[in-house]
Amino acid sequence: MTVEVAGVAMRSPVIAASGTFGYGVEFEEILDLAKIGAFVTKGLSLHPMDGNKAPRIIETSSGMMNAIGLQNIGVEAFIKDKMPGIRRMPGVVCIANVFGYTIEDCLGVIERLNDAEGIAMYELNASCPNTKHGGMVFGTDPDSLGDLVHQCKNISKRPLMVKLSPNVTNIGGMARVAQAAGANAVSLVNTFLSLAIDVKTRKPKIANVTGGLSGPAIKPIAVRMVWEVARSVNIPIVGMGGIVKPEDAVEFLLAGATAVEVGTASYADPRAVEKISTGLERWCAANGVTNAADLTGGLRT
Ligand SMILES: Cc1cc2nc3c(=O)[nH]c(=O)nc-3n(C[C@H](O)[C@H](O)[C@H](O)COP(=O)(O)O)c2cc1C
């Protein structure tokens, strides 16, 4: 079940996705973090953020919409209050998710994390659709994305995985930009920009008006995007979007992903990531797959 993403070894290809797994330590009592490949922290910014006004989460057909607005405790508090607990969990792989309103903000977060022990990799969120000045600008404009990735890579002491926005026409082209700027891996997809309306009040169901759609509703689009990216770059791909069962993870691996992340499923079942990880192991055994890594790119067209 072991895989390697940008030089980081993981016990399983199944990773807990950013924003759906707190800062990892909150899940210590709920599941065995040693049975999953890694976990990604909630997005970290230079300063703490309160996020958007409620309502900011709703359920949709086969999914959910959120506009949390990147609420987080800030990088300093993360290092001081959460990292000691993460370091105490043996063998757990921690990926720090980083974002900022400006390139300088992102650089500031990475600089601070560079000095903290116990982080395996950075996931740079170039794709959040919820903040007015944030990720959307980087994630949907090739020049801004290239500049952001290049500058972050220059100062990063750890492998840099770039999380791509799905809200673009040519995701393969954006992945190529990230690779050319020095990304060691790409992850995709973040949530899809969406709008739900309460027809009685004629108001948006989410206070921010728009939100990001995730969960099973987006899976076939996300798998298609991973497949397109796999044909565009030769760095590792971490795929996600709507994974709720082991077979969903297999689809992403066959489309070209080296590993997968699980997000929304943790809201229905906080142990989902562990269950999908052990379920994938069983699926491989039952289907004559001796090495999960052999699934990567196995799609027959
Ligand atoms: C409530 C919520 C908060 C999220 N926060 C972040 C975040 O802080 N940074 C980030 O890169 N992605 C964030 N995401 C996106 C997820 O990591 C993932 O890319 C997306 O939800 C698709 O996967 P899923 O369908 O398995 O949830 C968030 C998603 C949800 C549902």
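Residues numbered from 1 in each chain as written. Predicted model: local features only at pLDDT ≥ 70, side-chain atom pairs only at ≥ 80, totals over all residues. Heavy atoms only, no water.

> It is not clear to me how the overall build of the protein chain should be interpreted in this structure. Could you clarify?
Across its full length, the protein chain holds nine helices and 16 strands. At 18 Å, the protein chain has a C-alpha radius of gyration in line with the 19 Å of a compact globule built from 301 residues. For the C-alpha atoms alone, the extent of the protein chain along its principal axes is close to 50 × 50 × 40 Å. The buried share among the 301 residues of the protein chain stands at 56%. Within the protein chain, residue pairs in contact and separated by at least 24 positions form 71% of the contacts whose partners lie at least 6 positions apart. With an accessible surface of roughly 12700 Å², the protein chain has 51% of that area assigned to carbon and sulfur atoms. Once the 28 positive and 28 negative side-chain charges of the protein chain are each reduced to a mean point, those two points are 5 Å apart. (Helix = DSSP H or I, 4+ residues; strand = E, 2+ residues; numbered from the N terminus. Rg over C-alpha atoms; globule rule 2.2 N^0.38 Å. Buried < 20%, exposed > 50% of the residue type's maximum accessible area, 1.4 Å probe, protein only. Contact = heavy atoms within 4.5 Å. Areas by Shrake-Rupley, 256 points an atom, 1.4 Å probe, with all protein chains shown as cover. Lys, Arg positive; Asp, Glu negative; His and termini not counted. Charge placed at Lys NZ, Arg CZ, Asp CG, Glu CD.)

> Where do I start with the packing of aromatic side chains in this structure?
Considering all chains together, one arrives at three aromatic pairs under this definition. Note on Phe21 and Phe27: the rings are 3.9 Å apart at their centroids and 15° apart in plane angle, and the pair reads as stacked. Measuring from ring centre to ring centre gives 5.9 Å for Tyr23 and Phe78, while their planes differ by 40°; the resulting arrangement is tilted. Of this pair, Tyr23 sits in the loop between strand 3 (14-16) and strand 4 (38-40) while Phe78 sits in helix 1 (residues 75-88), and the two are 55 residues apart along the sequence. For Tyr23, a relative accessible area of 9% translates into the label buried. On the basis of relative accessibility, which here comes to 0%, the residue Phe78 falls in the buried class. (Phe/Tyr/Trp six-rings, centres within 6.5 Å; stacked < 30°, edge-to-face > 60°.)

> What am I meant to see in the sheet that holds strand 9 (residues 160-163) here?
Two orientations exist for strands paired in a sheet by backbone hydrogen bonds: parallel and antiparallel. Here eight strands make up a closed barrel; going around it, the order is 3-4-7-8-9-10-15-16 and the pairing parallel. Between one strand axis and the next, the sheet turns by 25° as a mean value, whatever way the strands run. Against the sheet, helix 6 (residues 219-230) contacts strand 10 (185-188) and strand 15 (237-240), and its axis sits at roughly 165° relative to strand 15. (Pairing = 2+ DSSP bridges. Axes fitted to C-alpha atoms, helices over the stretch in contact; angles between N-to-C directions.)

> What am I meant to see in the pairing of strand 6 (residues 63-66) here?
Side-chain direction in a regular strand flips from residue to residue, so the side chains alternate between the two faces of the sheet. Neither face of strand 6 is exposed, since Gly63 and Met65 on one face and Met64 and Asn66 on the opposite face are all buried. Pairing of strand 5 (residues 57-60) with strand 6, which is carried by four bridges, proceeds in the antiparallel orientation. Its bridge partner being in strand 6, Ile58 is matched across the sheet by Met65. Count of turn residues in the strand 5/strand 6 antiparallel hairpin: two residues, of which Ser62 carries a positive phi of about 55°. Strand direction decides the pairing type here: strand 6 and strand 14 (residues 210-214), joined by three bridges, are antiparallel. Counterpart to Met65 in the pairing with strand 14 is Leu213.

> What am I meant to see in the layout of surface pockets here?
Volume-wise, the largest pocket comes out at about 590 Å³. For the largest pocket, the lining is made up of 38 residues, of which Ser18, Gly19, Thr20, Asn66 and Thr191 are closest to its centre. Taken together, the elements giving at least two residues each to the lining of the largest pocket come down to strand 6, strand 16 (259-262) and helix 8 (265-268). By residue class, the composition of the lining of the largest pocket is 16 nonpolar, 19 polar and three charged. Approximately 200 Å³ is the volume found for the second largest pocket. (1 Å grid on protein atoms, 1.4 Å probe; cavity = no way out; pocket = protein on both sides within 12 Å on 5 of 7 lines; lining within 4 Å. Points joined across faces, edges and corners; volume = space filled by probe spheres on them. Nonpolar A, V, L, I, M, F, W, Y, C, P; charged D, E, K, R; others polar.)

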